[in-house]
Protein chains: 2
Amino acid sequence: MMMQQTTAPAPLRPVSAPFGAAVPPPEGAGGATAARGFRAAGIRAGFRKEPGRLDLALVVADEPCACAAVFTKNVFCSAPVAVSREQLDGAGYGTARAVVVNSGNANAATGEAGLEAARRTAQIAADAVGCPASEVLVASTGVIGVHLPLDPFVSGVPAAAAALSIAGGSDAARAIMTTDTRPKEAVATFSGDGAGYDGCTFTVGGMAKGSGMIMPDMATMIAVLTTDAPVAPDALHGALVRAVGESFNKVTVDSDTSTNDSCFLFASGAAASGGAPAFDPNGPAFERFEEALHAVCQSLARAMASDGEGATRLVTVNVSGAATPADADAAARAVANSPLVKTAVYGHDANWGRIAAAIGKSGATFRQEDAAIDIMGMPVCRGGLTVAFDEDEALRRFEAPEVVIDVDLGAGDEETTVWTCDLTHDYVTINGDYRS
Amino acid sequence: MMMQQTTAPAPLRPVSAPFGAAVPPPEGAGGATAARGFRAAGIRAGFRKEPGRLDLALVVADEPCACAAVFTKNVFCSAPVAVSREQLDGAGYGTARAVVVNSGNANAATGEAGLEAARRTAQIAADAVGCPASEVLVASTGVIGVHLPLDPFVSGVPAAAAALSIAGGSDAARAIMTTDTRPKEAVATFSGDGAGYDGCTFTVGGMAKGSGMIMPDMATMIAVLTTDAPVAPDALHGALVRAVGESFNKVTVDSDTSTNDSCFLFASGAAASGGAPAFDPNGPAFERFEEALHAVCQSLARAMASDGEGATRLVTVNVSGAATPADADAAARAVANSPLVKTAVYGHDANWGRIAAAIGKSGATFRQEDAAIDIMGMPVCRGGLTVAFDEDEALRRFEAPEVVIDVDLGAGDEETTVWTCDLTHDYVTINGDYRS
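Below you will find a few notes about this structure. Quantities reported herein were computed from a predicted structural model and do not represent experimental measurements.

## Some details on the pattern of salt bridges
Residues and elements named next belong to chain B. Following the criterion strictly, the structure yields 34 salt bridges over all chains and no others. Between E50 and R53 there is a salt bridge, and its shortest N-O distance comes to 3.4 Å. When its relative accessible area of 21% is taken as the criterion, R53 is described as partly exposed. Residue R182 pairs with D307 through a salt bridge whose shortest N-O separation is 3.6 Å. Of this pair, R182 sits in the loop between α4 (168-175) and β5 (184-191) while D307 sits in the loop between α6 (284-306) and β9 (314-322); the two residues are 125 residues apart in sequence, bridging distant segments of the chain. You can call R182 partly exposed: its relative accessible area is 35%.

In structure tokens form, the structure reads like this:
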């Protein structure tokens, strides 16, 4: 018989989620154009074979503005990542005006020719927008090892520039998709009342692509975020790094970084009253800005995690009671990366043993007799021992689109959340198919 | 078109494999009984439901002898691991006489009752063998969270003790299997000539179980190794730790350690002439002993890696040119743990991009323009760029039971090898099935 406790234990409380929810963009805008001071377009330039498939996105700020970016740490970084880093002088922030994203070709493993093509792309966009090439960032996603053709940029970028609008943000979100099954956009707003910007409402929004799974062609994570809050470039970069760290970098499906991951954030300041200064990084307005940014990034990150190939469930792993932030992260990531846990979710199996094996080998410090685990809000392990649960209720709960796993290590106060998806037959089929 | 080099590059040389090959046990012996001074038995005691299934193994040394052991580092360690550690005074080595292994029940997540059951098991075996309980080690593998019944030990251990023989080593190898599709045994011999033990031939042998995949019941790695070389306990432990580090710990399939992993090594000294001293740890005889031990462990480790659920191929990942041993290991492990690489092997896809993404995110220090990759001896990447290869030849080579991936990071001289298997539909089916 399974070891049983005589009284049903209380569920673990969900890990604190301090950031408000993000929402879809308002009517007539896209995620990247909901904030004031930005326009966008998404067109078919010809990088992709499928008829009618949008494959070129252009996002342009009305004025040069503060910009920050975070890129993949993968040693095999692509040409557009290298060139965009150049544009920001290697610091990750500066002033920029526009970003050009093409799907269908990653311009990766393309050597010097690829770098040149990425620089030419920036120049073509600069000419069309009317700004210096140094103010244009570039990103690409798609097949690797194939030379990036420039003709589609030569004809497409001017067409996109002529079509820029606030409503064009929706097309832009579609134009950057590769393996995504749907466009991913999110918006959050916050008020300046009582924070030194009375009467102002600020917006943070963004679009992203990435299914959390890396395709044969390396389906990359790309996000373009915008805000109409006034934030100086270096403070913007700090906020972006923190937000990415708690969102996109907490998504893990089968491989954490591709060669092309890029996340851009532009701040126009257009929602501040004329002459209002940039947010004090230590003040309340900046704090609200960071909350809104986190909400947008987490919404986009969760959308990517749940959109993995063959995925049927978003899986959220909350770890609490860790001795250090690194322990919390290691434990959560071990669970989220475990094919055994992910196939168990797919098979609707509330088996805590696999979760235990994952946290037990993660390197996190804890004692097994202190460990507690809940699956979908149902206690399954207390004190390192099995807790009986209602199997029928478990099956009912497995019908939900999100499966939550809570782990309390009982070794401290640190906590974190990591997102992933389940591992299914379709994943093997899609990724095991012979390259055509 | 794919970027092409005009002259076909030379293949990377395979990573040095200095240890000689191990062989199956000789007729009339098992892996654990090929060395002189050991007998074994494998019987059906009743832990498992299937009729006729052997589930209790006993390995006994003729005399108390030097013993060393290495156990799982998983925080969720099982009762038999805790008790065996106790028996060796927490040092990992000492003097022992026997090891009892049952399959069908892992005695894990069983609390104090489980610890007591493991200690009782040792006592039962001690009584049957005629030695102190402190000289008996225990191991279990099978379902977790279920109380370990003692009746099968009470009736089975004396029966096993009465059946001990050299030939019984084969039955013992079968009795410890759970998800294995075949028993795993290996033997290596070395001469004492010119090393201070003229005229002596020494043997190292062993049996192991573990399919490299962790089942819902946590199919564990257990190995019982024996030698008739004279080696003192502390030196024996050092040799075992090094051998395990280069073999079992280099096998990674979906999760590196279960709650029950145990590896035991006994040294009877029975092949040394009477009165011959234990091997000098700095002398040539010990060096030959370590080579033989590595050969046996690597043979068993490769067998485990290739026997994963649903596996169709052994996958060997060789990384060379790393700046540090840790870098080599991180890079090899990233490739071997990547579901994208493993599904590509399953799909007979010689796609180097997935391998590149894995090493690129591994944390190993290198520059992409220095990276070289071969798949099955065919160059596919040089200087970080694609090399054209014969697709038909690749398909032919994929028919072999072992797929070798060679990576040269071009950043130093360190190298390592990690083994895994491919990821198939069957894996998802087996591990996604609802627990009955």
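## Concerning unusual backbone geometry
Residue and element names in this part refer to chain A. Backbone geometry places A109, a non-glycine residue, at a positive phi of 60 degrees. In this fold, A109 is placed in the loop between β3 (93-105) and α2 (111-129). Residue classification places A109 among the buried residues on the basis of a relative accessible area of 11%. Of note in the backbone geometry, H348 takes a positive phi value of approximately 55 degrees without being a glycine. Within the fold, H348 resides in the loop between α8 (339-346) and α9 (352-361).

## Considering the environment of A34 of chain A
Tracing the backbone through its elements, the reader meets A34 of chain A in the segment before β1 (38-43). Discounting residues that sit within four places of it in the chain, A34 of chain A has contacts with P26, A29, V187 and T203 of chain A.

## Here's the deal with the environment of V253 of chain A
Structurally, the position occupied by V253 of chain A is in the loop between α5 (233-245) and β8 (262-267). The spacing of V253 of chain A and E309 of chain A is 56 residues in sequence and 9.9 Å in space, taken between C-alpha atoms.

## Brief notes about the sheet that holds strand β14 (residues 414-421) of chain B
Residue and element names in this part refer to chain B. Strand order in the open sheet made by the six strands is β12-β11-β10-β13-β9-β14, with mixed pairing throughout. What marks the edges here is a single partner per strand, and that holds for β12 (385-386) and β14. Here seven bridges tie β9 to β14, and the two strands are oriented antiparallel to one another. Within the sheet, the bridge partner assigned to V317 lies in β14 and is V418.

## Some details on the packing of aromatic side chains
The full count for this structure, using the stated rule, is 24 aromatic pairs over all chains. Between F202 of chain B and F279 of chain B, the aromatic rings sit 5.2 Å apart at their centres with planes inclined by 90 degrees, giving edge-to-face as the arrangement. Here F202 of chain B is found in strand β6 (residues 201-209), whereas its partner F279 of chain B is found in the loop between β8 (262-267) and α6, with 77 residues between them in sequence. For F202 of chain B, a relative accessible area of 0% puts it in the buried group. By way of ring pairs, the aromatic residues F190, Y197, F202, F279, F286 and F289 of chain A are connected into one cluster.

## Quick notes on the environment of D228 of chain A
All names here are of chain A. With respect to the secondary-structure elements, D228 resides in the loop between β7 (222-227) and α5. We classify D228 as buried; its relative accessible area is 1%. As for D228 and G269, which are separated by 41 residues in sequence, their C-alpha atoms are 4.4 Å apart.

## Considering α2 of chain A
Residues and elements named next belong to chain A. Taking 1.5 Å per residue as the helical rise, α2 with its 19 residues ought to reach 27 Å, and the 28 Å between its terminal C-alpha atoms agrees with that figure. Within the sequence span of α2, burial applies to G114, L115, A117, A118, T121, A122, I124, A125, A126 and V129. Close packing links the buried residues of α2 with β2 (56-71), α1 (79-87), β3, β4 (136-143) and α3 (151-162). G130 sits one or two residues past α2 and shows a positive phi near 85 degrees.

## A short note on the pairing of strand β7 (residues 222-227) of chain B
Residues and elements named next belong to chain B. Of all six residues in β7, six are buried; the element is thus mostly enclosed. Side chains I222, V224 and T226 of β7 all project onto a buried face; the interleaved residues A223, L225 and T227 project onto the opposite face, where all are buried too. As judged from the six bridges shared by β6 and β7, these two strands associate in the antiparallel manner. Paired with K209 across the two strands is I222, which belongs to β7. In the sheet, β7 pairs with β8 via six bridges, with the strands oriented parallel. The residue bridging I222 from the neighbouring strand is S262, located in β8.

Rules used throughout
Residues numbered from 1 in each chain as written. Chains lettered and ligands numbered in written order. Predicted model: local features only at pLDDT ≥ 70, side-chain atom pairs only at ≥ 80, totals over all residues. Heavy atoms only, no water. Salt bridge = Lys/Arg side-chain N within 4 Å of Asp/Glu carboxyl O. Buried < 20%, exposed > 50% of the residue type's maximum accessible area, 1.4 Å probe, protein only. Helix = DSSP H or I, 4+ residues; strand = E, 2+ residues; numbered from the N terminus. Contact = heavy atoms within 4.5 Å. Pairing = 2+ DSSP bridges. Phe/Tyr/Trp six-rings, centres within 6.5 Å; stacked < 30°, edge-to-face > 60°. Expected span 1.5 Å × (residues − 1).

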